[in-house]
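# Reading the structure
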Amino acid sequence: MRTIRTIFTILFSVTLFIVSCDSDSVTEPGENEFSFNHEINPGQSAVDFLTDDNFERLIVQVQYMQGYEPTQEGLNNLETFLRDRLNKSSITIMEPEEIPAAGQSSYTANEIRELEREHRTQFSSENQIAAYFIIVDGEYSDSDVLGIAHFNTSMALFGPKFNEVSSGLGSPSKEDVETIVMRHEFGHILGLVNNGVDMQENHQDTANGRHCDNDQCLMYYAFRNADLFGSIFGGSIPELDENCVADLQAAGGK
Ligand SMILES: [Zn+2]
Ligand SMILES: [Zn+2]
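A word on the packing of aromatic side chains. Following the criterion strictly, the structure yields seven aromatic pairs and no others. Look at F133 and F186: their rings are 6.2 Å apart centre to centre, the planes differ by 50 degrees, and that puts the pair in the tilted class. With F133 in strand β5 (residues 127–136) and F186 in helix α6 (residues 174–189), this pair connects stretches of sequence that are 53 residues apart. Following the ring pairs from residue to residue traces out a cluster consisting of F49, F133 and F186. Stacked on the ring of F151, the Lys or Arg R113 has its end atom at 5.4 Å from the ring centre.

Printed below as a string of structure tokens:
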């Protein structure tokens, strides 16, 4: 199984490379010369999000499968986070749009990417960068997580897991879980931790991938794990710690 996964990972990396070469050369004379590749690795466009060098504005498209509409409070909290960290003159989170339920109990990252290709309609254009959330009606095939970042501008949330984590006595509210997970996944898109922006101090929890070693920080790995979330959640929304903020600021963020 591990070998298969490794081969798959290698194949996918090669595919990504080919896609990236392709789209660099598609501009034809007379066409709009703007080109931006939305299918490279998470974190690779961190500087485009953090600074206003290439894009002054940000738009975020949110699509959900029936039954998994995100709360307005969760989206407002995401917007606050982005306003605090990004050098953008305007940040717009679009009204969430329903897309047809796909009805699978679980989804691989590649299936998520296919769904995005089928449904996403907002892409970056002159002066405006676009980010994308898709909320699906099943779990992640690979691990017990609430969300993933699957391309440089794209994130997926696993709807049933939000209900699971926020139901039951003493559980965090759905709004709080959404706020934390959307901000956490966007943190990966912004290059955290050691995922596209350089670390100013070493604070990577290498045992858990691209995460922060501070268990009070938004980028602590447990905040995206459905089975650990309840035990790590202390009743308030975790912020980015000093190390994570310093990394974003050094790369041009606020
Ligand atoms: Zn994470
Ligand atoms: Zn941190």
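Bringing the coordination of the zinc ion (ligand 2) into the picture now. Every protein donor of the zinc ion (ligand 2) is listed here as C212 (SG), C217 (SG), D241 (OD) and C244 (SG), and their distances to the metal cover 2.3 to 2.4 Å. One chain supplies every donor to the zinc ion (ligand 2), and in sequence these donors are spaced C-x4-C-x23-D-x2-C. Placement of the pair is C217 in the loop between α6 and α7 (226–232) and D241 in the loop between α7 and α8 (242–250), with a sequence separation of 24 residues. For the pair formed by C217 and D241, the shared burial category is buried.

This brings us to the coordination of the zinc ion (ligand 1). Taken together, H184 (NE2), H188 (NE2) and H211 (NE2) make up the protein donors of the zinc ion (ligand 1), found 2.0 to 2.1 Å from the metal. As a motif over one chain, the donors of the zinc ion (ligand 1) read H-x3-H-x22-H. Residue H184 is located in helix α6, and its partner H211 is located in the loop between α6 and α7; the two are separated by 27 residues in the primary sequence. Taken individually, H184 and H211 each receive the classification buried, so the pair is uniform in this respect.

The subject of this paragraph is the packing of helix α3 (residues 72–85) against α6. Two quantities define a packed helix pair, namely the angle between the axes and the distance from one axis to the other. Two elements in contact, α3 and α6, have axes separated by 8 Å at closest approach and are oriented at 35 degrees. The element α3 and its partner α6 pack so that their crossing is right-handed. Contacts between α3 and α6 pair E73, G74, L75, N77, L78, T80, F81 and L82 from the former with E175, E178, T179, M182, R183 and F186 from the latter. Of the residues assigned to the contact of α3 with α6, the class counts are six nonpolar, four polar and four charged.

Turning our eyes to something else, we now look at the pairing of strand β8 (residues 154–158). In terms of burial, β8 is a largely internal element, five of the five residues being buried. Of the two faces of β8, the one carrying S154, A156 and F158 and the one carrying M155 and L157 are both buried. Across five bridges, the pairing between β5 and β8 is parallel. Bridge pairing in β8 links I134 to A156. With four bridges joining them, strand β7 (residues 147–151) and β8 adopt antiparallel strand pairing.

To continue, consider the environment of P172. Locating P172 in the fold gives a position in the loop between α5 (159–165) and α6. The buried category is assigned to P172, whose relative accessible area is 5%. Between the C-alpha atom of P172 and that of G234, which follows or precedes it by 62 residues, the distance is 9.0 Å. Excluding anything up to four places from it in sequence, P172 contacts V165, S166, V177, F229 and F233.

Mapping E116 onto the fold places it in helix α4 (residues 109–119). E116 sits in the buried class, given a relative accessible area of 5%. Every residue in contact with E116, bar those within four places of it in the chain, is listed here: Y132, I134, H150, F151 and S154.

With that settled, the discussion passes to the pattern of salt bridges. Scanning the model with the defined rule gives eight salt bridges in all. Here the salt bridges do not stand alone but share partners, grouping E139, D144, K161 and E164 into one network.

All right, on to α6 then. Here α6 contains 16 residues, and its C-alpha end-to-end distance of 22 Å stays within 8% of the 22 Å for a straight helix at 1.5 Å per residue. Of all 16 residues in α6, 14 are buried; the element is thus mostly enclosed. Following α6 by one or two positions, G191 adopts a phi angle in the positive range, close to 100 degrees.

The rules behind these values
Residues numbered from 1 in each chain as written. Chains lettered and ligands numbered in written order. Predicted model: local features only at pLDDT ≥ 70, side-chain atom pairs only at ≥ 80, totals over all residues. Heavy atoms only, no water. Phe/Tyr/Trp six-rings, centres within 6.5 Å; stacked < 30°, edge-to-face > 60°. Helix = DSSP H or I, 4+ residues; strand = E, 2+ residues; numbered from the N terminus. Lys NZ or Arg CZ within 6 Å of the ring centre and 35° of its normal. Donors = N, O, S within 2.8 Å, 3.2 Å for Na, K, Ca; no water. Buried < 20%, exposed > 50% of the residue type's maximum accessible area, 1.4 Å probe, protein only. Axes fitted to C-alpha atoms, helices over the stretch in contact; angles between N-to-C directions. Left-handed = near helix turned anticlockwise from the far one by under 90°. Contact = heavy atoms within 4.5 Å. Nonpolar A, V, L, I, M, F, W, Y, C, P; charged D, E, K, R; others polar. Pairing = 2+ DSSP bridges. Salt bridge = Lys/Arg side-chain N within 4 Å of Asp/Glu carboxyl O. Expected span 1.5 Å × (residues − 1).

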